[in-house]
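Results of the structural survey
So you can see what is in the structure, the chains are spelled out below.
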Amino acid sequence: MSAQDFAGLTAIVTGGAAGIGLATATLLAERGARVAVFDRDVSTVAEPFIGIQADVTDRASVDAGVARAAELLGGIDIVINNAGIGAIGNVEANDDAEWARVLDVNVVGIARVTRAALPWLRTSQAAAIVNTCSIAALNGLPDRALYSASKGAVYALTLAMATDHVREGIRVNCVSPGTVGTAWVDRLLEKAENPDAERAALEARQAIGRLVAPEEVANAIAYLASPLAGSTTGTALDVDGGVSHLRVRPV
Ligand code: NAD
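The structure contained in this document is the topic of the report that follows. Along every chain, residues carry numbers that run from 1 in the direction the sequence is written. A pLDDT threshold of at least 70 governs which residues receive local features in this predicted model, and a stricter bar of 80 or more applies before side-chain atom pairs are shown or counted, although totals over entire chains, interfaces and linings include all residues.

1. What to know about the site of the ligand
Put plainly, near means the residue's C-beta atom, positioned from the backbone, lies within 6 Å of the molecule or strand in question. Within the structure, the ligand sits among 27 residues, and Gly 15, Gly 19, Gly 84, Thr 182 and Trp 184 are positioned closest to it. The way it works is that DSSP assigns letters per residue, a run of H or I at least four long becomes a helix, a run of E at least two long becomes a strand, and they are numbered from the N terminus. The set of elements that each furnish at least two residues to the shell around the ligand consists of α1 (19-30) and α5 (183-190). Only Asp, Glu, Lys and Arg are considered charged, only Ala, Val, Leu, Ile, Met, Phe, Trp, Tyr, Cys and Pro nonpolar, and every remaining residue, Gly among them, polar. The residue inventory of the shell around the ligand, partitioned by class, reads twelve nonpolar, eleven polar and four charged.

2. So, the sheet that holds strand β1 (residues 10-14)
By the convention used here, strands pair only if DSSP detects at least 2 bridges between them. Reading across from one edge, β3-β2-β1-β4-β5-β6-β7 is the order of the seven strands in this open sheet, with parallel pairing throughout. Both outer strands of the open sheet, β3 (50-53) and β7 (236-239), are each paired with one neighbouring strand and no more. Pairs of neighbouring strands in the sheet enclose a mean axial angle of 20°, with direction left out of account. Inspection of the sheet shows strand β5 (residues 128-132) paired to strand β6 (residues 171-177) by five bridges, in the parallel sense. Its bridge partner lying in β6, Asn 131 is registered against Cys 174. Packing of helix α3 (residues 96-121) onto the sheet brings it into contact with β1, β4 (78-81) and β5, and relative to β4 it is tilted by some 175°. Between N-to-C directions, angles span 0 to 180 degrees; the directions come from axes that are lines fitted to C-alpha atoms, helices contributing only their stretch in contact. Here, residue contact means that the backbone-derived C-beta atoms of the two residues sit within 7 Å.

3. Here's the deal with the nonpolar core
By definition, a nonpolar core groups buried Ala, Val, Leu, Ile, Met, Phe, Trp, Tyr and Cys residues that connect through C-beta atoms lying within 7 Å of each other. Partly exposed residues are those whose C-beta has more than 12 but fewer than 20 other C-beta atoms within 10 Å; 20 or more makes a residue buried and 12 or fewer makes it exposed, with C-beta atoms placed from the backbone. Ranked by size, the top nonpolar core spans 69 residues in total, and within it Ile 12, Val 37, Val 217 and Ile 221 carry the most contacts. With eight residues, α3 is the single largest residue contributor to this core. Beyond its immediate stretch of four places on either side in the chain, Ile 12 contacts Ala 36, Phe 38, Val 66, Ala 69, Ile 76, Val 79, Ile 80 and Ala 117.

That's the geometry; what it means functionally is another story.
Dropping the structure here:
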């Protein structure tokens, strides 16, 4: 990829104020895109980004935010549907309200943002959507029933949207990160009895012996969003340090 792969293009990144989303927004901007960061908390969002306070579970704020982004950016070529929340436990662990809450953010949120952005994507010559999925979609992870169900739906939704919009020139792909070193993981480790030991154990469980860096996920998202991936649609790109497919001896 080169420094100006996104010259003249505009992008929305949901959940762009932190973690994978922030790394992606930063990379797209560095490569020439004008970027609107969509987040429920935009207090830390600064230049060169346009911060748009929007909650992907709130249709009115999504519709208004997408319209505002299109106005300020002068259109929308790229949508990165990255906002997501976690849930821990087996199928007994979360009540119906929690199931509804997580699915609303992780799955319906993608539908809401995409629905609002499609009119602008249809007028773009470089339209692309990238959804942030997870290795939880296609691997049986312990104690992640609700989260896995939500990401399985993200994978299926990616294929459905790719199919429905391919003849409109809109590509739709997803990335499936493994365990990424963001605040998300910090929050999980904080709850452990010995966070340092837990982090070391987590790193040792990764085939590559370390967590995935948010910038590595951002690079995969940027590739799929860029015109370089013009013939790629309906795919999931694993950025998981090999854990989905490699059987590496434990260290
Ligand atoms: P993070 O918690 O560091 O950042 C998530 C961002 O999304 C935050 O800025 C948060 O404010 C925003 N957000 C959450 N709910 C929102 C809502 N309803 N509306 C608007 N914004 C909202 O998380 P992260 O680790 O960067 O994860 C980003 C995505 O990557 C998620 O979809 C997550 O499921 C996925 N993922 C993360 C990992 C990991 O190990 N960190 C692994 C696989 C997949």
